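If you want the building blocks of each chain, they are given just below.
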Amino acid sequence: MNRSIGLITLNAKFIQSSLSLRYLRNAARRAGFQNVWMQEFVINQPIWKIASEVHQRRPDILGISIYIWNRNQSFELIERLKKQNPELQIVIGGPEVSFEPQLSNQYTTISGEGEDKWVEFLQYQRRNETVPQNVLTRWNTYGVDLPALVPPYVEEDYPQLKNRIAYVETSRGCPYLCSFCLSALDKKVRYFDKTAMREQIKQLVKAGARRIKFVDRTFNLKPTEMQELMQWLTQFKGASFHFEVVGDILTADILKFLGTVPEGMFQFEIGVQTTDDDIQDSIQRKQNNKKLFAAIKELGRQNKIHCHCDLIFGLPGENLDQMLKSFEEVLVLKPQELQLGFLKFLPGAPINSVIEKHGYQFQSTPPYELISNNDLSADEVIHLKKFTEVFDLFYNSKRFRFSLEHLFKTWTPVNLFNHLLKYMEEGNLIFQSHSLESQYKILFDVFSLGDQALEFDLLKLDYLFAQRVHHLPRFLINRPGQNENSRSKTWQGDRKSLLVPFHHQIEWTGSGVQMTPVSNDHHYVIAHPNGDSGYIQQPAIIPVND
């Protein structure tokens, strides 16, 4: 009997794609199973519609990949599928269920890397044999039956990945033992065949994958191979690539090389988590802050790599002041993006062993996020959540880079964002959505940016620099009290872009602007490149003579 074997998952967004389904599909086919198919859905689709689509394909066996973002929808889907077809054999796997006991006889659980266990399950089904309890227990054990590493993509995949994010890994495993991370349970790092992976990357770029993300836990574990691969990737003009790297092991030679790569082609995600040495020790994190800070600062100076840093609020023993100190120490290094996350108690992560000691309260369902602990009250967590919202709106949006850099000369980052937060709370603005113009108006009002010509010009430049627009808000046309002609002119170069007067001569320095006051207004056009130009969007600032 040629059974129908399906593999499905619910991605967070349509642009994303599933790596795990492709590994499992290929493993089944290599083992001789013919009628194996996969289908990707999105979490915002109605569950009954997903169930209907799956049911139409009449699967006999269905594998479902479950993650923190799709857990609730996945179990709702499982219930519906089993009631539609009680004979359907369901297997669940993925990080979200790899550390839980068998929850129901409605499905079989596979923990950890699942290719070999999945094939073994299919073989039992083909023989119509009942799976022994000791085998079920082994399948539900993390870190056993590790498969050979075989590249995931086949010919039928490439057309489906046009204009989407494709995921690639050159290795599995992590040598670090950070207690908040599931990778702390990995025993060793294993590598894919270099030639095979490069061929797959070449095909993904050719197929039009919008962005390629390497999911290696530590991409720069082998600096020489990192440099060789990145140098090889520079041939793919117009493509962009994301890596997770450990900042304090970026060598001087690697940093020198990174200063030569195409601007905006690469993004580094650098986990900092905390800058406090004692807190690092408490979570078994090895990190040389001096080397880390120097590397992030150098990447910013070069302005070739988009640097995305991470901090985690709520680590064991860390109070509010220590967290905000870490925040300021990282922000002064000027990463393009700083993600402020909250500690999560992922099932199976070693951090769960300190819950009672530190009095942690956390959400019992995804995302398992911190609510309070002995060092951080619930009120302080709520404050930090609001602080993060404001920070994302005004810093991580990259819409206010010039204004914020100027304001940081007289405001500490914590005081600045707390001041914004207070204004937004008092105006009942914190829980509202904000249009583009209203975001600029908030910063304009809070810091009275119309009072001084320099601050007014910087905010106007921010508005034009951060996005392609063909108008200015009324409050950015003339400074308060000025009676100038408010009619916008269009640049003759493209008959669309605005020709805008500034009270300063503007000089782009490579990573910022230098503003020199002038007696008569100078006119500029902010010309944006066509299409997606990678992780760093850099429009041109063009002076235009009247």
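Quick caveat, the model's predicted, so the values are computed rather than measured. (Residues numbered from 1 in each chain as written. Predicted model: local features only at pLDDT ≥ 70, side-chain atom pairs only at ≥ 80, totals over all residues. Heavy atoms only, no water.)

Draft legend 1. The arrangement of the environment of Phe 345 in detail. Positionally, Phe 345 belongs in the loop between strand 13 (337-342) and strand 14 (361-362). Residue Phe 345 is classed as buried on the basis of its relative accessible area of 2%. Along the chain, Phe 345 and Tyr 360 lie 15 residues apart, while their C-alpha atoms are 9.7 Å from each other. The residues touching Phe 345, leaving out its near neighbours within four places in the chain, are Ile 351, Asn 352, Ile 355, Tyr 360, Phe 362 and Tyr 368. (Helix = DSSP H or I, 4+ residues; strand = E, 2+ residues; numbered from the N terminus. Buried < 20%, exposed > 50% of the residue type's maximum accessible area, 1.4 Å probe, protein only. Contact = heavy atoms within 4.5 Å.)

Draft legend 2. Structural detail: unusual backbone geometry. Here the residue pair Pro 366 and Pro 367 is connected by a cis peptide bond, since its omega of 10° sits within 30 degrees of zero. With phi around 55°, Asn 428 is a residue other than glycine that occupies positive phi space. Along the chain, Asn 428 falls in the loop between helix 14 (413-426) and helix 15 (436-446). Overall, Asn 428 belongs to the exposed group, its relative accessible area being 58%.

Draft legend 3. Spatial organisation of the nonpolar core. Counting 118 residues, the largest nonpolar core has Phe 241, Phe 268 and Phe 417 as its most contacted members. Residue contributions to this core peak at eight residues, all from helix 12 (residues 378-396). Not counting the four nearest positions on each side in its chain, Phe 268 is found in contact with Met 226, Met 230, Phe 243, Val 245, Leu 250, Leu 258, Leu 299, Ile 305, His 306, Cys 307 and His 308. (Core = buried A, V, L, I, M, F, W, Y, C linked by side-chain atoms within 4.5 Å.)

Draft legend 4. Fine view of the pairing of strand 11 (residues 266-273). In terms of residue burial, strand 11 counts as a mostly covered element, since seven of its eight residues are buried. Sheet topology note: the strand 10 (residues 241-245)/strand 11 ladder contains five bridges and is parallel. Its bridge partner being in strand 11, Val 245 is matched across the sheet by Ile 270. Handedness of the crossover is the feature at issue here: the chain leaves strand 10, passes through helix 8 (residues 252-258), returns alongside strand 11, and the resulting connection is right-handed. Judged from the seven bridges that link them, strand 11 and strand 12 (residues 305-313) form a sheet pairing that is parallel. (Pairing = 2+ DSSP bridges. Right-handed = clockwise from strand over helix to strand, strands pointing away.)

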